[in-house]
Amino acid sequence: MSLKALLKTRYGKGFRTREAIEAHHQRSFARFRRAVMPRSPFYADYADTPLSDLPRMTKQTLMAHFTAINTCGIDREKAFEIALRSEQSRDFSPMIGDVSVGLSTGTSGQRGLFLATPKERKLWAAILAGRFWPNLARPQRVAFFMRADNALYRTLGNPLLRFEFFDLLDPFDTHLPRLQALAPTVLIAPASMLKVLAIAQNSGQIALSPKRVISVAETLSPEDRDIAKQAFNCQIDEVYQATEGVLAFTCQEGNLHLNEAWMRIERDIIDPQTGAFCPIIHDFTRESLLLLNYRLNDVLIPNPDPCPCGSACMRIARIEGREDDALWWDGPNGAKMVSAEAIRTTIACLPSPITDYRVIEKDKHLTIWLEDAAPESETELRHAFAALAARLDVNLPALTIRNGLPAEPDFKRRRIRVERQPRHCE
Ligand SMILES: [Zn+2]
């Protein structure tokens, strides 16, 4: 592990001013332009180009130019072949040289490749351990639930650390005895899995007492946070981590901050009213597969208030989910974004409580699935949604309400989603 990065994350004061962040970015990019960009056939000629003038990248264009962009001389087809073989065999040890190769399917179904060199893996481990390791002097046991293993995440293993991987594709019941035997001090899982584990804990199927619980890989809703917090009796931390790296994580105060120590993050604002934006990242710690002027389609809601922790890194109120999942309702003054938060709050505040729900918008038609709903829930829900639309000055779309939840094997599925062709907002 990179000791310097670990200590800095754990004990460093961080950036107290915007000027300090700017200066850090200036220095980091000066080095990056000199030492890294010339090694990428794609970027070699761009070493003096301002960041915002570089070719705009998305997951598609990054994959299209993968072979020329990466600095390791790795061919895209070969990387795909290795990553696919790992997925099928569930043996995730193969690497190309010392570079680990991973595959991301994402919610859009589009496949992406990512690379990590030993240096990148160490940095990742150091930052996360620095921030979230409960006690540096004590051995820790980490349970990590994820869709696919990758050498990236094994870096954390050392004599002080027992690290066990739980494959999300394994049947849920097989996890419980293993998890109980491990008795993790740190539990890391996607939000939906945390919720299921919290229910298992509440029903007495498991009795864990983790010191840290960290939600990764998908948006943690306030409802799920509360359920997990109660079940495990500790604060739920959040790491907003995509294939593209660690974009944000919670501070000591439990608030999300963008990871501006690693990357420069610009905002493509899609809803001026809330300031909701899609991040455009320039990562100066990523030296294998360069990420420059790279636009993500996640929607982030900023929080302009300073955080009591003192960090000047931009504070995020929440991650709204994918841009393609934001609801847009028509109104007299044009279409407006209806945030997932507004939908969640509306359902959470219904007079008759609901155990769980799904909201799916398709072709301007809204279908809401309710679990364990009372007979009066449907009327209450219609009233509450009509009131929400009136407040936002938009028209409520056609609304169908169903009992029970749709069959849903995929843990990546969110409660609120929109099914449509990808929308381009540039
Ligand atoms: Zn903070």
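Residues numbered from 1 in each chain as written. Predicted model: local features only at pLDDT ≥ 70, side-chain atom pairs only at ≥ 80, totals over all residues. Heavy atoms only, no water.

**Q** Just to check I follow, could you spell out the coordination of the zinc ion for this structure?
**A** Around a metal, the perfect tetrahedron of four donors has angles of 109.5 degrees, and the perfect octahedron of six donors has angles of 90 or 180 degrees. The protein atoms donating to the zinc ion are Cys251 (SG), His257 (NE2), Cys307 (SG) and Cys309 (SG), with metal-donor distances spanning 2.1 to 2.3 Å. Angles of 104 to 113° at the metal separate the four donor atoms of the zinc ion, which places the site in the tetrahedral class. Positions of the donor residues of the zinc ion along the chain correspond to the pattern C-x5-H-x49-C-x1-C. You can see cysteine 251 sitting in the loop between β9 (245–250) and β10 (256–258) and its partner cysteine 309 sitting in the loop between β14 (298–302) and β15 (315–322), a full 58 residues away along the chain. Like cysteine 251, the residue cysteine 309 is buried in the burial classification. (Donors = N, O, S within 2.8 Å, 3.2 Å for Na, K, Ca; no water. Tetrahedral: all angles 85-135°; square planar, octahedral: opposite > 155°, others 65-115°. Helix = DSSP H or I, 4+ residues; strand = E, 2+ residues; numbered from the N terminus. Buried < 20%, exposed > 50% of the residue type's maximum accessible area, 1.4 Å probe, protein only.)

**Q** Looking at this model, I keep getting lost on empty space enclosed by the protein. Mind explaining?
**A** The gaps left among the atoms become clear once a water-sized probe is rolled over them. Under the definition given, this model contains two cavities of 30 Å³ or more. If you add up the space inside the second largest cavity, you get close to 80 Å³. Around the second largest cavity, the lining comprises 13 residues; the ones closest to its centre are Leu62, Leu113, Phe114, Thr243 and Glu244. Listed by contribution, the elements that provide at least two residues to the lining of the second largest cavity are α3 (59–64) and β3 (112–116). (1 Å grid on protein atoms, 1.4 Å probe; cavity = no way out; pocket = protein on both sides within 12 Å on 5 of 7 lines; lining within 4 Å. Points joined across faces, edges and corners; volume = space filled by probe spheres on them.)

**Q** What is the right way to look at the environment of tryptophan 369 in this model?
**A** When you line up the elements, tryptophan 369 lands in strand β19 (residues 365–371). For the pair tryptophan 369 and arginine 415, spaced 46 residues apart in sequence, the C-alpha to C-alpha distance is 9.5 Å. Residues contacting tryptophan 369, with those up to four places away along its chain left out, are Asp356, Tyr357, Arg358, Ile360, Arg402, Gly404, Leu405 and Pro406. (Contact = heavy atoms within 4.5 Å.)

**Q** What am I meant to see in helix α12 (residues 377–392) here?
**A** Along an α-helix, residues three or four apart share an orientation, since each turn contains 3.6 residues. Taking 1.5 Å per residue as the helical rise, α12 with its 16 residues ought to reach 22 Å, and the 22 Å between its terminal C-alpha atoms agrees with that figure. Regarding α12, the residues found buried are Ser377, Glu380, Leu381, Phe385, Leu388 and Ala389. In an axial view of α12, the angular spread of the buried residues amounts to 165°, which keeps them on one side of the axis. Within α12, the exposed residues directed more than 90 degrees away from the buried face are His383 and Ala390. Buried residues along α12 sit in contact with β16 (327–329), β17 (336–338), α11 (340–348), β19 and β20 (398–403). Following α12 by one or two positions, aspartate 393 has its phi on the positive side, about 60°. (Expected span 1.5 Å × (residues − 1). Arc of directions from axis to C-beta.)

**Q** Teacher, can you tell me more about the pattern of salt bridges here?
**A** Close approach of charged atoms lets side chains of opposite charge pair. What the rule picks out here adds up to 16 salt bridges. The partner of glutamate 260 in a salt bridge is arginine 18, and the shortest N-O contact between them spans 2.8 Å. In this pair, glutamate 260 sits in the loop between β10 and β11 (263–271) while arginine 18 sits in helix α2 (residues 18–35), placing the two residues 242 residues apart along the sequence. Judged by relative accessible area, which is 32%, arginine 18 ranks as partly exposed. The salt bridge partner of arginine 76 is glutamate 77, with a shortest N-O separation of 3.0 Å. Judged by its relative accessible area of 26%, arginine 76 falls in the partly exposed class. (Salt bridge = Lys/Arg side-chain N within 4 Å of Asp/Glu carboxyl O.)

**Q** Would you mind showing me how to read unusual backbone geometry here?
**A** What you tend to see is this: most non-glycine residues have negative phi, and most peptide bonds are trans. You will see that lysine 364, though not glycine, has its phi angle at about 60°, which is positive. Position of lysine 364 relative to the elements: it lies in the loop between β18 (356–362) and β19. The phi dihedral of aspartate 372 is positive, around 50°, even though this residue is not glycine. Its location among the elements puts aspartate 372 in the loop between β19 and α12. Accessibility expressed as a relative area gives 58% for aspartate 372, which makes it exposed.

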